[in-house]
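Descriptive analysis of the structure
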Amino acid sequence: MEQALRNYAQNVDNVMLYIIGISFLLLLVITIAMVYFVIRYNRKKNPVASQIEGNKILEIIWIVVPVALVLTMFFYSESVYKVARNVPKGAMNVNVEAKMWQWKFTYENGKVTDTLFLPVGKPVKFNIVSADVNHSFYIPAFRIKEDAIPGRENYMVIEPKDVGAFDIACAEYCGLNHSLMYTKVFVVPENEFFAWYNGEVDNTYLQKFVLAHSGGYKDYITGNYALLFAKGCVQCHSLDGSKNYGPSFTELSRGYAKIRSNGKLETIPIDRDYIARSIISPGEHVVVGYEKAKMPLLTNRIRDEELTQIVDLLLTNFVKKSNEN
Ligand SMILES: [Cu+2]
């Protein structure tokens, strides 16, 4: 059983191959039979159609053989799947909460993160809940996908096999920013994990560890805007001008912002200082037409150098671009 959990992803792939194999076999048999009948019974060779009725043996064969084949698919899949539903003794519990449009992971000692960190080679039980609508907790690399349903607790057991960083996605359409509901799982050796778990090192340490020991990883969103995706900015501020909870980044190109500050309407220029302050204390001045205090305080989620990077990124890509034109 332990071995089966460790090889879960491989076993799921084997089931998939088995099903594809049988489907391909059936396709082949049906196509060959069809071509044979077209040739053998065409109008030239067989001008008068003959009526064949009641062949018990034939009927039994075409009922029993497909049913038996489909049943082998069922029992094979079931035997693999049930491993992920069998909680081994000593499995670590991680509560997974899905909400529009982010993930929240709570560990047994009360630690809370938005990125998942796991020790390699240790069984983990995910207790999956939703805070609002239907979501689905999907880690393609682990071959698991389990629904997060409001008012219900679902679960799934895994055992990460390799050190590395893998995508976590939402696999159930859950509204406007469903397609951005991504995060990552970082799998690290046990001693590194517990150093983090006990507060001796921080998230960044584990991420760097994975980067150094897994031959690097590809970020799920690469290119210019990676940081805006990684920090969740784009969940409320669109890159293309479409309206969302916060103003689109394209609005920066106006060069000024109409804001409400302590109840007073003001027009202020958009510069480095304005952008930085909007990120650090979003409640200070709110762009007209948007609600106050929707934006979470990011002070402990963004490091100083990241703040500078984000401000630079927005200046170069949205503010300056428009000045050039
Ligand atoms: Cu979702």
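Just so it is clear, the model here is predicted, and its values are computed rather than measured.

Procedures and definitions
- Residues numbered from 1 in each chain as written.
- Predicted model: local features only at pLDDT ≥ 70, side-chain atom pairs only at ≥ 80, totals over all residues.
- Heavy atoms only, no water.
- Helix = DSSP H or I, 4+ residues; strand = E, 2+ residues; numbered from the N terminus.
- Expected span 1.5 Å × (residues − 1).
- Buried < 20%, exposed > 50% of the residue type's maximum accessible area, 1.4 Å probe, protein only.
- Core = buried A, V, L, I, M, F, W, Y, C linked by side-chain atoms within 4.5 Å.
- Domains from an automatic or database assignment.
- Contact = heavy atoms within 4.5 Å.
- Donors = N, O, S within 2.8 Å, 3.2 Å for Na, K, Ca; no water.
- Pairing = 2+ DSSP bridges.
- Axes fitted to C-alpha atoms, helices over the stretch in contact; angles between N-to-C directions.
- Polar contact = N/O pair within 3.5 Å; in protein donor to acceptor, adjacent residues only side chain to side chain.
- Parallel < 35°, antiparallel > 145°, perpendicular 65-115°, else oblique.
- Nonpolar A, V, L, I, M, F, W, Y, C, P; charged D, E, K, R; others polar.

With that settled, the discussion passes to helix α2 (residues 8-40). End to end, α2 covers 48 Å across 33 residues, agreeing with the expected 48 Å (1.5 Å per residue, within 8%). Here α2 has its buried residues at Tyr8, Val15 and Ile22.

Okay, the nonpolar core next. Within the largest apolar cluster, 40 residues are counted, with the highest numbers of intra-cluster contacts made by Tyr107, Leu116, Leu118, Phe126 and Phe137. For this core, the two domains that each supply at least three residues are domain 1 (2-85) and domain 2 (92-213). Discounting residues that sit within four places of it in the chain, Tyr107 has contacts with Met92, Asn93, Val94, Thr113, Thr115, Leu116, Phe117, Phe193, Trp196 and Tyr197. The next biggest cluster of nonpolar side chains, apart from the first, holds 25 residues, and it includes Val234, Phe249, Tyr274 and Ile275.

Within the protein, the atoms that donate to the copper ion are His135 (ND1), Cys170 (SG), Cys174 (SG) and Met181 (SD), at distances of 2.0 to 2.6 Å. All donors of the copper ion belong to a single chain; written as a sequence motif, their spacing is H-x34-C-x3-C-x6-M. One end of the pair, Cys170, is in strand β9 (residues 164-170); the other, Met181, is in the loop between β9 and β10 (183-188), with 11 residues separating them in the sequence.

Moving on: the sheet that holds β10. With mixed pairing, the five strands of this open sheet are ordered in space as β4-β10-β9-β6-β7. Pairing within the sheet leaves two strands with one partner each, and these edge strands are β4 (116-119) and β7 (144-148). Adjacent strand axes in the sheet meet at a mean angle of 25°, parallel and antiparallel pairs treated alike. As judged from the two bridges shared by strand β6 (residues 135-139) and β9, these two strands associate in the antiparallel manner. Note that in β9 the partner of Phe137 across the bridge is Cys170.

Another aspect to go through is the domain arrangement of the protein chain. In terms of domain boundaries, the protein chain breaks down into domain 1 (2-85), domain 2 (92-213) and domain 3 (226-324). Taking the mean C-alpha position of each, domain 1 and domain 3 sit 57 Å from one another.

Overall, mixed pairing links the five strands, which are arranged β3-β2-β1-β5-β8 in an open sheet. Single-partner strands in this sheet number two, and they are β3 (112-113) and β8 (154-158). Where strand β1 (residues 92-99) meets strand β5 (residues 124-130), seven bridges bridge the pair, whose relative direction is parallel. Bridge pairing links Asn93 to Lys125 in β5.

Structurally, Lys184 is set in strand β10. Assessed through its relative accessible area of 5%, Lys184 is described here as buried. Among the polar contacts listed, one links the side chain of Lys184 to the side chain of Asp167, at a separation of 2.7 Å.

Moving on to the packing of α2 against helix α3 (residues 56-81). Closest axis-to-axis distance for the α2/α3 pair is 9 Å, and the angle between their directions is 170°. Between α2 and α3, the interaxial angle falls into the category roughly antiparallel. In contact with Tyr8, Asn11, Val12, Asn14, Val15, Tyr18, Ile19, Ile22 and Leu26 of α2, α3 contributes Leu69, Thr72, Met73, Tyr76, Ser77, Val80 and Tyr81. Tallied by class, the residues present in the contact of α2 with α3 amount to 12 nonpolar, four polar and no charged.

Relative to the assigned elements, Asn93 resides in strand β1. For the pair formed by Asn93 and Gly283, sequence separation is 190 residues and the distance between their alpha carbons is 36 Å. Apart from the residues lying within four places of it in its own chain, the contact partners of Asn93 are Thr106, Tyr107, Glu108, Lys125 and Asn127. For Asn93, the side chain forms a polar contact with the side chain of Asn127, separated by 3.1 Å.

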